[in-house]
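What the coordinates show
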Number of protein chains: 2
Amino acid sequence: MKADYSLYLVTDRKLSLGRSNLDVIEAALDGGVTLVQLREKELGTQEFYLEANKIRELLKARQIPLIINDRIDIALAVDADGVHIGQEDMPLDLARKILGPDKIIGVSVFTIEEARAAEAGGADYLGLSPIFVTSTKPELNKQIGIEGIRPIRQAVKIPIVGIGAMNANNAFEAVKAGLDGIAVVSAIVAQKDITSAARAIKAEVLRAKG
Amino acid sequence: MKADYSLYLVTDRKLSLGRSNLDVIEAALDGGVTLVQLREKELGTQEFYLEANKIRELLKARQIPLIINDRIDIALAVDADGVHIGQEDMPLDLARKILGPDKIIGVSVFTIEEARAAEAGGADYLGLSPIFVTSTKPELNKQIGIEGIRPIRQAVKIPIVGIGAMNANNAFEAVKAGLDGIAVVSAIVAQKDITSAARAIKAEVLRAKG
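Throughout what follows, the structure given in this document is the object of discussion. (Residues numbered from 1 in each chain as written. Chains lettered and ligands numbered in written order. Predicted model: local features only at pLDDT ≥ 70, side-chain atom pairs only at ≥ 80, totals over all residues. Heavy atoms only, no water.)

Moving on: the overall build of chain A. Helices and strands together make up the secondary structure of chain A, namely 9 helices and 8 strands. For chain A, the C-alpha radius of gyration of 16 Å lies close to 17 Å, the compact-globule estimate for 210 residues. The dimensions of chain A, computed from C-alpha atoms along their principal axes, are 40 × 40 × 35 Å. Burial statistics for chain A: of 210 residues in total, 58% are counted as buried. Long-range contacts, defined here as pairs at least 24 residues apart, represent 59% of the contacts in chain A between residues at least 6 apart. For chain A, the accessible surface area stands at approximately 9,100 Å², while carbon and sulfur atoms represent 50% of it. For chain A, the separation between the mean place of its 26 positive charges and that of its 28 negative charges on side chains is 4 Å. (Helix = DSSP H or I, 4+ residues; strand = E, 2+ residues; numbered from the N terminus. Rg over C-alpha atoms; globule rule 2.2 N^0.38 Å. Buried < 20%, exposed > 50% of the residue type's maximum accessible area, 1.4 Å probe, protein only. Contact = heavy atoms within 4.5 Å. Areas by Shrake-Rupley, 256 points an atom, 1.4 Å probe, with all protein chains shown as cover. Lys, Arg positive; Asp, Glu negative; His and termini not counted. Charge placed at Lys NZ, Arg CZ, Asp CG, Glu CD.)

Okay, structure coming up:
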């Protein structure tokens, strides 16, 4: 499946100022988000499924792909468009075997070696992370930076989204350096005016691509 | 797939006195365990997969079925024999759809209504719980008791294993009351001599069946 990675929203309930994922996503779609990853690290399976199912309905109506973080069982249950797996999640070859050839599989990478391995293993896109160190993942203290994007871009052919403290101020440069899209958590979900926040980042991505 | 539910071991790393799941299971198999459920509530996906894969190899060699608790993605990844789902896990109809007709699906039930719904929904067996209140799940304070087994037995045709403080002292009566097998955690994994502990429970189950 072809996807537009320009503005890739990753949910985070805890950072959403008390708003539901559904409300956050709806407002973000109005601002031009092109793809949504549902990330739930604390829900039980049935709650995660019910949440994913609601979001699936909304996104289907808007023709926006839904990616599930980590949990292939949830992705299968709601017939999501794909999964995003980290280096500590399901091995890529097994994820592909379980999901089949048509689902999107994205893989988090930090190094050129990881990027090449993910591409060779059949990933559809890379989540390059962290471009900048972020308060969402304080355990990561090394960052890729704008200067680290180009070597990864030159090493692989598949789309790359950058994640980690990305926002309207750094999106232009990052896309110019080779990203296909900007993935964001706080810069959208933690903003009072989600639609405007999304719109501002999207404008920078399009200006850089343009 | 037909399975022998006589002595059903559910793993619990925390109760295993520092021994690995693999060591616990190996010793328990020597004592006559007929089926193993791998239950991991705190491992990340890749760790869970790696753990399940090791146990899969051991059990395959012994021709003992492996059931994965809750996580259908892990079950698919290691080609386990089935999954066990609680009332808060994946809805049964979806679990069946994802796993196909041949995998074993067990469902935890407490009431007659849940038992009937699980049977009607295509469950292969029921985990009736808690027969007695157990230190493993202190949040449950109502128990089925020996006297509660028969009404469930009369309500459904599929095999029923009882779980919750089951041991060599109550296994005979519980099987006599209608259970097809005894599922245990602490009464095996927390014992110093796992093989003897398993053997003692197995003997009671066989005595009641025989």
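A separate point is the sheet that holds strand S3 (residues 66-69) of chain B. Residues and elements named next belong to chain B. Here 8 strands make up a closed barrel; going around it, the order is S1-S2-S3-S4-S5-S6-S7-S8 and the pairing parallel. When the angles between neighbouring strand axes are averaged without regard to direction, this sheet yields 25 degrees. The sheet contact formed by strand S2 (residues 35-38) and S3 spans 3 bridges and is parallel. Residue Gln 37 lies in a different strand from S3, and its bridge partner there is Ile 67. (Pairing = 2+ DSSP bridges. Axes fitted to C-alpha atoms, helices over the stretch in contact; angles between N-to-C directions.)

Residue and element names in this part refer to chain A. Overall, the coordinates contain 26 salt bridges over all chains when judged by the stated rule. In this structure, Arg 13 engages Glu 51 in a salt bridge whose closest nitrogen and oxygen atoms are separated by 3.4 Å. With Arg 13 in the loop between strand S1 (7-10) and helix H1 (21-30) and Glu 51 in helix H2 (residues 45-62), this pair connects stretches of sequence that are 38 residues apart. Judged by relative accessible area, Arg 13 falls into the partly exposed class, the value being 36%. On the basis of relative accessible area, Glu 51 is assigned to the buried category, the value being 10%. Overlapping salt bridges, with partners in common, bring together Arg 13, Glu 40, Glu 51 and Lys 54 in one network. (Salt bridge = Lys/Arg side-chain N within 4 Å of Asp/Glu carboxyl O.)

Under the fitted operation, chain A is carried onto chain B by 0.0 Å of movement along the axis and a turn of 180 degrees, and the coordinates agree to an RMSD of 0.0 Å. Read as a symmetry element, the transformation amounts to a two-fold axis. Taking the C-alpha atom as reference, chain A places A:Asp73 closest to the rotation axis, 2.4 Å from it. (Least-squares fit on C-alpha atoms with pLDDT ≥ 70 in both.)

With that settled, consider the interface of chain A and chain B. Contact with chain A, which involves 17 residues of that partner, is made by 17 residues of chain B. Note on chain A versus chain B: buried area summed over both sides is about 1,500 Å², and carbon and sulfur give 64% of it. Per-residue buried area on chain A facing chain B is highest for A:Thr45, A:Gln46 and A:Asp73; these three make up 31% of the total on that side. At the boundary of chain A with chain B, the tally comes to 2 salt bridges. With a closest N to O distance of 4.0 Å, B:Asp73 and A:Arg71 form a salt bridge. Between chain A and chain B we count 8 residue pairs in polar contact (both at pLDDT 80 or more) in total. Sorting the residues of the side of chain A that touches chain B by element identifies H2, helix H3 (72-78) and helix H4 (92-99) of chain A as the ones contributing at least two each. (Buried area = accessible area lost by both parts, 1.4 Å probe. Polar contact = N/O pair within 3.5 Å; in protein donor to acceptor, adjacent residues only side chain to side chain.)

All right, on to the environment of B:Val161 then. All names here are of chain B. Residue position: Val 161 is located in strand S7 (residues 160-163). Given a relative accessible area of 2%, Val 161 falls into the buried group. Residues Val 161 and Ile 131 lie 30 residues apart in sequence; the distance between their C-alpha atoms is 9.8 Å. Beyond its immediate stretch of four places on either side in the chain, Val 161 contacts Tyr 5, Tyr 8, Tyr 125, Leu 126, Gly 127, Leu 128, Leu 179, Gly 181 and Ala 183.

In this section: the environment of A:Val184. Residues and elements named next belong to chain A. Turning to its location among the elements, Val 184 is positioned in strand S8 (residues 181-184). For Val 184 and Asn 167, which are 17 residues apart along the polypeptide, the C-alpha to C-alpha distance reads 7.2 Å. Discounting residues that sit within four places of it in the chain, Val 184 has contacts with Leu 7, Tyr 8, Leu 9, Val 10, Met 166 and Ile 201.

This part takes up the side chain of B:Arg56. All names here are of chain B. Relative to the elements of secondary structure, Arg 56 occurs in helix H2 (residues 45-62). In this structure Arg 56 comes out as buried when scored by relative accessible area, which is 4%. The residues touching Arg 56, leaving out its near neighbours within four places in the chain, are Ile 64, Leu 66, Val 78, Asp 79, Ala 80 and Asp 81.

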